[in-house]
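So the chains spell out like this:
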Amino acid sequence: MALSQAIIPAGWPQSYPLRDGDKFDFIVVGSGSAGAIVAARLSEVPHFRVLLLEAGGDPPPSSVAPSMFGTLGHTEYDWDYKAYLDKNIGTVHPDRAIYMTRGKMLGGSSSNNYEVYSRGVPEDYDEWGQVASGWDWDSVLPYFKKFEGMKDPNIMSNPDHKYLHSTDGPVAITRPETNSYFSEVNDIILKSYEEMGMKKNLELNGPDNLGVSRPHFTFANGRRSSTAEAYLRGKEKYNLKIVKYARVTRLLIDDITSRVYGAEVFFSGKKINVFANMEVIVSAGAIDSPKLLMLSGIGPREVLTPIGIKVIVDLPVGKNLQDHHYTPIVFTGQRGLQSVMQNLLVPTELDSYPVPIQSGFFRVDKWCCSQRPQFQIFNVRIGATASPIILFGFRAITNFDEPFSYSISKANVDREIDITSVINVHPRSRGEVTLKSSNPFDDPVINMGYYRDEEDIETTYRGLKFMLLYSNTTYFRKVGGKIAKLDVGACNHLKWGSDQYWRCYVRHAVGSMLHPVGTCEMGPYGVVDEKLRVYGVSGLRVADASVMMTIPSGNTNAPTMMIGEKAADLIKADYNALYQEKYFI
């Protein structure tokens, strides 16, 4: 099904032949998880003329097919940025560099992410609401429901879960039945987690914040449900013009009034100017939104002045970068060729998920009242003899060094392995995005800032120690499973398995979940106000993951789509074009 769906005539919108001097009411920069939604929803108002600018083109078949996400990195559909870690952090990465994959196509990163649907928990948004009015859980839940098209009957038939979900939204959410082998693997692993004290839940976006389950995904019927698929494909409108391969290089700002009145765009080999009668909405993501603002003179004086950019507003643009970083653990399981069957079944899952995957949330600090997760886990089971693929993936996709990657693949030569990612969902450390130069075609400088706050090491270490108990569950004792000894050069002088070793391991064996947020922070001391309007100028908003004050407890695609939905309503309300919908009654 996935192959047939992926090669069906695409139905992607035609690219509008943009000309120098064209005028619209609204210009939206970026068609990603938020931008496509903002543009589509604004175009629901018949008298609004909307321009959506996208630096990439149509998603390829490998984006459409749900199981082929791993093939999109380092292609024309990826901005292919490198992000850097501080000295003595993450030394298993050559040059301490992380591949910061970002979608460069319609749908942005919703077209190349790993499709996990996770919203975070109410406490995340109640924390936002304390700083920015209207962003508490009760205020944002209707916007999650507005985009959500839940297709799982087990959720919608359960009254304790149904009220949190919607079947009417354009983004399809599914958890398809797997083949019998995958199902057996899922049952074994989830039962092992129950032995460890983690509750098995019906879902990860339900009333219980803590527990484990198979995740839900943003795909259905053999097609990825990106925002391009859900909001743009087959939905052409007379008042929404979409321009592909249009790279915005600067915002146009009036020197006297500080009003943003348009954008400079590199299109068809030349620079042109296009104009906005009402507003420009920047939805280029947590890396490129701050880059564009800084190139336009909105950002920290200490960053802009040395590279010759005139400062229009001195704001903390690019600061407050947060990300979910993970620590991988590898457990060896059953020896022999029995588990190879799993690998042979991968081609049958092209319209679904290619490997058995389990996820969940847990705490190690048992405070009296808090149910807010400290950790998220993802686990994938890989059958024996997939070593060459594992070696390639860890080297080419995540930029782990040869010794570390080889030690993982070696563990899989004749045994199944579980690769468990332990994620500190609320890191205290902050990084930053800055500029290399005033040249808009230079990549931004991305410093992840992992473990700048030493408490993050200690917190992650405690989560890791808990997950090591997985090796002592019934199934792993039965099959003679163990914790694989991975080759982390900076820690090899320490006794393997000691507390000192694991703290060293946490510091050096770290990877990115590719969830950057926070670089155009919302709030009184940030970059935008509660209506996402940029301070110090008029006619400009930012609507994407960059406005998040703190990172949610889970994957960031769904929260970013929520921001897109809410942003569109905030804008409509300011122009008396908002009509109440059932989600808000």
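Basis of the calculations
Residues numbered from 1 in each chain as written. Predicted model: local features only at pLDDT ≥ 70, side-chain atom pairs only at ≥ 80, totals over all residues. Heavy atoms only, no water. Helix = DSSP H or I, 4+ residues; strand = E, 2+ residues; numbered from the N terminus. Areas by Shrake-Rupley, 256 points an atom, 1.4 Å probe, with all protein chains shown as cover. Lys, Arg positive; Asp, Glu negative; His and termini not counted. Charge placed at Lys NZ, Arg CZ, Asp CG, Glu CD. UniProt positions renumbered as here; feature names shortened; annotations may be inferred. Buried < 20%, exposed > 50% of the residue type's maximum accessible area, 1.4 Å probe, protein only. Contact = heavy atoms within 4.5 Å. Expected span 1.5 Å × (residues − 1). Polar contact = N/O pair within 3.5 Å; in protein donor to acceptor, adjacent residues only side chain to side chain. Disulfide = S-S within 2.5 Å. Core = buried A, V, L, I, M, F, W, Y, C linked by side-chain atoms within 4.5 Å. Salt bridge = Lys/Arg side-chain N within 4 Å of Asp/Glu carboxyl O. Phe/Tyr/Trp six-rings, centres within 6.5 Å; stacked < 30°, edge-to-face > 60°. Axes fitted to C-alpha atoms, helices over the stretch in contact; angles between N-to-C directions. Parallel < 35°, antiparallel > 145°, perpendicular 65-115°, else oblique. Left-handed = near helix turned anticlockwise from the far one by under 90°. Nonpolar A, V, L, I, M, F, W, Y, C, P; charged D, E, K, R; others polar.

## Considerations on the overall build of the protein
Inference 1: Within the protein, the regular secondary structure consists of 18 helices and 24 strands.
Inference 2: Each principal axis of the C-alpha distribution contributes one length, and for the protein these read about 70 × 50 × 50 Å.
Inference 3: By element, 53% of the accessible surface of the protein is carried by carbon and sulfur atoms, the whole surface being about 21,900 Å².
Inference 4: In the protein, which carries 62 positive and 65 negative side-chain charges, the distance between the mean positions of the two groups comes to 2 Å.

## Re the UniProt feature "domain: Glucose-methanol-choline oxidoreductase N-terminal" (unreviewed entry) in the protein
Inference 1: Sites flagged by UniProt as "domain: Glucose-methanol-choline oxidoreductase N-terminal" (unreviewed entry) map to residues 285-299.
Inference 2: Within the segment residues 285-299, helix and strand shares are 73% and 0% respectively, and the terminal C-alpha atoms sit 16 Å apart.

## Observations regarding the UniProt feature "binding site: FAD" (unreviewed entry) in the protein
Inference 1: Here the UniProt feature "binding site: FAD" (unreviewed entry) sits at Asn113, Tyr114, Glu115, Val116 and Val248. Separation in sequence by 136 residues is matched in space for these annotated residues, since their most distant C-alpha atoms are 29.6 Å apart.
Inference 2: Within the element layout of this structure, glutamate 115 appears in the loop between strand 4 (97-100) and strand 5 (116-117).
Inference 3: The class of glutamate 115 is buried, set by a relative accessible area of 0%.
Inference 4: Ignoring any residue separated from it by four or fewer positions in sequence, one finds glutamate 115 in contact with Pro66, Phe69, His216, Phe217, Thr218, Phe219, Arg224 and Tyr353.
Inference 5: Structurally, valine 116 can be placed in strand 5.
Inference 6: The exposure class assigned to valine 116 is buried, which follows from its relative accessible area of 8%.

## Notes on helix 2 (residues 35-42)
Given 3.6 residues to a turn, an α-helix orients residues that are three or four positions apart in the same direction.
Inference 1: Counting buried residues along helix 2, eight of its eight residues qualify, which places the element largely inside the surrounding structure.
Inference 2: Turning to helix 2, its buried residues number three or more, namely Gly35, Ala36, Ile37, Val38, Ala39, Ala40, Arg41 and Leu42.

## Some remarks on helix 8 (residues 180-195)
Inference 1: Between the first and last C-alpha of helix 8 there are 23 Å, a value that for 16 residues agrees with the 22 Å anticipated at 1.5 Å per step.
Inference 2: Its side-chain oxygen at 3.1 Å from the backbone nitrogen of tyrosine 181, asparagine 179 defines the N-terminal cap of helix 8.

## Some thoughts on the state of the cysteines
Inference 1: Scanning the entire structure with this criterion turns up one disulfide.
Inference 2: Note on cysteine connectivity: cysteine 491 is disulfide-linked to cysteine 504, with sulfurs 2.0 Å apart. Here cysteine 491 and cysteine 504 share a disulfide; its torsion about the S-S bond, -90 degrees, makes the bridge left-handed. You can see cysteine 491 sitting in the loop between strand 22 (482-483) and helix 17 (499-508) and its partner cysteine 504 sitting in helix 17, a full 13 residues away along the chain. The two residues cysteine 491 and cysteine 504 agree in class, both being buried.

## Observations regarding the nonpolar core
Inference 1: Trp135, Leu293, Ile298, Leu532, Val534 and Met562 are the most contacted members of the largest nonpolar core, which has 96 residues in total.
Inference 2: The greatest single-element share of this core, amounting to seven residues, is contributed by helix 18 (residues 557-574).
Inference 3: Ignoring sequence-local partners within four residues, the contact set of leucine 293 consists of Leu251, Val282, Ile298, Val317, Cys520, Val527, Val534 and Val542.
Inference 4: Among the nonpolar cores identified, the runner-up in size contains 76 residues, and Met196, Tyr461, Leu486 and Val510 belong to it.

## Points about the pattern of salt bridges
Inference 1: Counting across every chain of the model gives 36 salt bridges.
Inference 2: Across the pair glutamate 565 and lysine 146 runs a salt bridge whose closest N-O atoms are separated by 3.9 Å. On the criterion of sequence distance, the pair formed by glutamate 565 in helix 18 and lysine 146 in helix 5 (residues 137-147) is long-range, its members being 419 residues apart.
Inference 3: We note a salt bridge from aspartate 499 to lysine 465, for which the minimum N-O separation is 2.9 Å. Pair noted here: aspartate 499 is in helix 17 and lysine 465 is in helix 15 (residues 455-467), with a separation of 34 residues, a long-range link.
Inference 4: Members of the salt-bridge network, linked through shared partners, are Arg41, Glu44, Lys146, Glu565, Asp569 and Lys572.

## Considering the packing of aromatic side chains
Inference 1: One pass over the structure, following the stated rule, counts 32 aromatic pairs.
Inference 2: Both rings, one in tryptophan 79 and one in tyrosine 81, keep their centres 5.8 Å apart while their planes meet at 25 degrees; by these two values the pair is stacked.
Inference 3: Residue tyrosine 81 is classed as buried on the basis of its relative accessible area, which comes to 1%.
Inference 4: Summarising the aromatic geometry, the rings of tyrosine 125 and tryptophan 128 are spaced 5.0 Å apart at their centres and angled 75 degrees between planes, so their arrangement reads as edge-to-face. Taken together, the positions of tyrosine 125 and tryptophan 128, both in helix 4 (residues 122-131) and three residues apart, correspond to about one turn of that helix. Each of the two residues, tyrosine 125 as well as tryptophan 128, counts as buried.

## Describing the side chain of arginine 102
Inference 1: Structurally, arginine 102 is set in the loop between strand 4 and strand 5.
Inference 2: Buried charged residue arginine 102 carries no salt bridge. Nearest counter-charge: aspartate 78, at 6.7 Å.

## Some thoughts on the packing of helix 15 against helix 17
Inference 1: In contact at an axis separation of 9 Å, helix 15 and helix 17 are set at 115 degrees when each is read in the N-to-C sense. Of the possible angle classes, the one that applies to helix 15 and helix 17 is roughly perpendicular. Handedness of the helix 15/helix 17 crossing: right-handed. Of helix 17, the residues touching helix 15 (which contributes Ile457, Glu458, Thr460, Tyr461, Leu464 and Lys465) are Asp499, Trp502, Arg503, Val506 and Arg507.
Inference 2: A class-by-class count of the residues in the contact of helix 15 with helix 17 yields five nonpolar, one polar and five charged.

## Here's the deal with the environment of methionine 196
Inference 1: By the element assignment, methionine 196 lies in the loop between helix 8 and strand 8 (211-213).
Inference 2: Spatially, the C-alpha atom of methionine 196 lies 37 Å from that of valine 547, the residues being 351 residues apart in sequence.
Inference 3: Ignoring anything within four residues of it in the chain, the contact list for methionine 196 reads Phe466, Met467, Leu469, Tyr470 and Thr473.

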